[in-house]
Amino acid sequence: MVDDLVGYASNCLLAYLRNDPKSLVQESAVFLKAIETLWVQHGISEQDVWEEMSQRILLSETLLKRGIRARKGGPYRSTKLP
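This section reports on the structure supplied with the text. Every chain's residues receive numbers from 1 upward, in the order its sequence appears when written. The predicted nature of this model means local features are confined to residues of pLDDT at least 70 and side-chain atom pairs, given and counted, to a pLDDT of 80 or more, with totals for whole chains, interfaces and linings taken over all residues. Water and hydrogen atoms play no part in the side-chain values, which are based on all heavy atoms of the structure.

Note on conventions: DSSP H or I runs of at least 4 residues are helices, E runs of at least 2 residues are strands, and numbering of each starts at the N terminus. Each helix and strand counted, the protein chain has three helices and zero strands in total. In the protein chain, the succession of helices and strands from N to C terminus is α-α-α. Note on exposure labels: buried denotes an accessible area under 20% of the residue type's maximum, exposed denotes more than 50%, and partly exposed covers the range between, all computed with a 1.4 Å probe on protein chains only. Relative to its 82 residues, the protein chain shows a buried fraction of 13%. Note on contacts: a residue pair is in contact if any heavy atoms of the two residues lie within 4.5 Å. Sequence-distant contacts, at least 24 apart, represent 35% of the contacts inside the protein chain between residues at least 6 apart. For the protein chain, the accessible area works out to roughly 6600 Å², and carbon and sulfur atoms hold 58% of it. Values of accessible area rely on a 1.4 Å probe in the Shrake-Rupley scheme; residue burial ignores everything except the protein chains shown.

Below you can see the structure in the form of structure tokens.
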């Protein structure tokens, strides 16, 4: 399963690097379906994942409103940043 996910993610990256939006959409759909299967196998709901993503986006937006540009390795660190 992990090898499949790596392959699907690689295909997404290659489509992006080729500047091929149609392939990127198709490969992204395959990757998302595979990751959803992995979530189910581990008892993780799709809703939990999207809630986590929403929290990260909200934190990022809040920091930007305060004039803080958070980035990896920067002075403002959080596991919640997208």
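Here a salt bridge means any side-chain nitrogen of Lys or Arg lying within 4 Å of a carboxyl oxygen belonging to Asp or Glu. Following the criterion strictly, the structure yields two salt bridges and no others. As a salt-bridge pair, Glu36 and Lys33 come within 3.3 Å of each other at their nearest N and O atoms. Taken as a pair, Glu36 and Lys33 lie in helix 2 (residues 21–41) at a separation of three residues, close to a single helical turn. For Glu36, a relative accessible area of 25% translates into the label partly exposed. Using a relative accessible area of 52% as the deciding quantity, one classes Lys33 as exposed. The salt bridge involving Arg56 is made with Glu52; its shortest N-O contact spans 3.0 Å. Within this pair, Arg56 and its partner Glu52 are both found in helix 3 (residues 46–65), separated by four residues, close to a single helical turn. Relative accessible area serves as the criterion here: at 25%, Arg56 is assigned to the partly exposed category.

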